[in-house]
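# An overview of the molecular structure
Residue-level listing of the chains:
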Amino acid sequence: MAGNWKMYKTAAETCAFFHKFNPLVAGSAHCEIVICPPSVNLSAAVEATRGTRIETGGQNMFWEKEGAFTGEISGNMLKALGSKWVLIAHSERRQYFGETNENARKKILAALDSGLTPVYCVGENLDERQTGGTHQVLESQLTGGWAGLSADRFSKIVIAYEPCWAIGTGKVATPEIAAEAHRFIRDQVRKQFGAEPAAACRILYGGSVKPDNIRGLMAQPDIDGALVGGASLDPDSFASIVNF
Ligand code: PGA
């Protein structure tokens, strides 16, 4: 269960969140719990979660290890802060910052090289869904992002299916729509890497996940977890999602 805070919360607000959130999930051992705050607040989040099962992640990274790349951060920097995860190619990165499947591929490789678990985000927009292009978009995002990965390296990545039309809109995909896309993604994994990696691969659903719809989503066998934006900003609401 992962929370994507996007560009929300200061360091002080980060500490206040965990002060309330930590006890609410102290007994929750059924899943991994990850929060991805803005990178400037990762240290505060790492500090505030020390001694708990809660892990932290970056929302983005660059593919080079270091260099003259003003404004960027590397996987090694995230790792050195104590983070284990990194979101790659979130739809907002694709939409506003020109992220491509090829960039995503380089970032996934660099994240793995740094010992981070990349959460590779894929999903169609409304127009693509309405014109019947969902499968084609997912297939090209998946094959572009994982091109060149061995089955062994693939086994270290997590996929997040986030239909753009459901992100921040309150329009959650029905469990059936989400499940169909997750099945399709798992089939693509099977085709590329084989039956075992496909069965083991974790596919998260993201897009308007809330405490009142998480149960229906998680009841689908191909949905292994959630990537939560808005509802992860509030400790009570994210805790009730974790503890669905
Ligand atoms: P949302 O965002 O839960 O606010 O729809 C999900 C995401 O962008 O990861």
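Residues numbered from 1 in each chain as written. Predicted model: local features only at pLDDT ≥ 70, side-chain atom pairs only at ≥ 80, totals over all residues. Heavy atoms only, no water.

### Some thoughts on the overall build of the protein
- Of the regular secondary structure elements, the protein holds 12 helices and eight strands.
- On C-alpha atoms alone, the protein measures out to a radius of gyration of 17 Å, which is about the 18 Å that the 2.2 N^0.38 rule sets for 244 residues.
- Here the protein holds 244 residues, and 52% of them are scored as buried.
- For the protein, the proportion of contacts with a sequence separation of at least 24, taken over those separated by at least 6, is 69%.
- Within the structure as shown, the protein displays about 11,000 Å² of accessible surface, and the carbon and sulfur contribution to it stands at 53%.
- Here the protein contributes 24 positive and 26 negative side-chain charges, whose respective centroids are spaced 2 Å apart. (Helix = DSSP H or I, 4+ residues; strand = E, 2+ residues; numbered from the N terminus. Rg over C-alpha atoms; globule rule 2.2 N^0.38 Å. Buried < 20%, exposed > 50% of the residue type's maximum accessible area, 1.4 Å probe, protein only. Contact = heavy atoms within 4.5 Å. Areas by Shrake-Rupley, 256 points an atom, 1.4 Å probe, with all protein chains shown as cover. Lys, Arg positive; Asp, Glu negative; His and termini not counted. Charge placed at Lys NZ, Arg CZ, Asp CG, Glu CD.)

### Considering the packing of helix α5 (residues 101–113) against helix α7 (residues 134–145)
- Running from amino to carboxyl end, α5 crosses α7 at an angle of 40°, the nearest separation of the two axes being 7 Å. Between α5 and α7, the interaxial angle falls into the category oblique. Here α5 and α7 pass one another in a crossing that is right-handed. The segment α5 lies against α7, with N101, R105 and I108 engaging S140, Q141, G144 and G145.
- Per-class residue counts for the contact of α5 with α7 are one nonpolar, five polar and one charged. (Axes fitted to C-alpha atoms, helices over the stretch in contact; angles between N-to-C directions. Parallel < 35°, antiparallel > 145°, perpendicular 65-115°, else oblique. Left-handed = near helix turned anticlockwise from the far one by under 90°. Nonpolar A, V, L, I, M, F, W, Y, C, P; charged D, E, K, R; others polar.)

### A look at the sheet that holds strand β8 (residues 225–228)
- Around the barrel, which closes on itself, the eight strands sit in the order β1-β2-β3-β4-β5-β6-β7-β8 with parallel pairing between neighbours. Looking at each pair of strands side by side, their axes are set apart by 30° on average, direction ignored.
- Sheet topology places strand β5 (residues 117–122) next to strand β6 (residues 158–161); four bridges connect them, and they run parallel. When the sheet's bridge partners are listed, V119 is paired in β6 with V158. (Pairing = 2+ DSSP bridges.)

### Regarding the pairing of strand β4 (residues 85–88)
- Here β4 shows two buried faces, one formed by W85 and L87 and the other by V86 and I88.
- Across two bridges, the pairing between strand β3 (residues 54–58) and β4 is parallel. Within β4, the position partnered with G58 by the bridge is V86.
- With respect to chirality, the unit in which β3 leads through helix α3 (residues 75–81) into the neighbouring parallel β4 is right-handed.
- In the sheet, β4 pairs with β5 via four bridges, with the strands oriented parallel. The residue of β5 that forms the bridge with L87 is V119. (Right-handed = clockwise from strand over helix to strand, strands pointing away.)

### Some words on unusual backbone geometry
- Although it is not a glycine, K6 adopts a positive phi angle of roughly 50°.
- You can see K6 is positioned in the loop between β1 (2–4) and α1 (11–24).
- In the Ramachandran plot, K9 falls in the positive-phi region, its phi being about 80° despite a non-glycine side chain.
- Here K9 shows up in the loop between β1 and α1.
- Residue class for K9 comes out partly exposed when judged on its relative accessible area of 22%.

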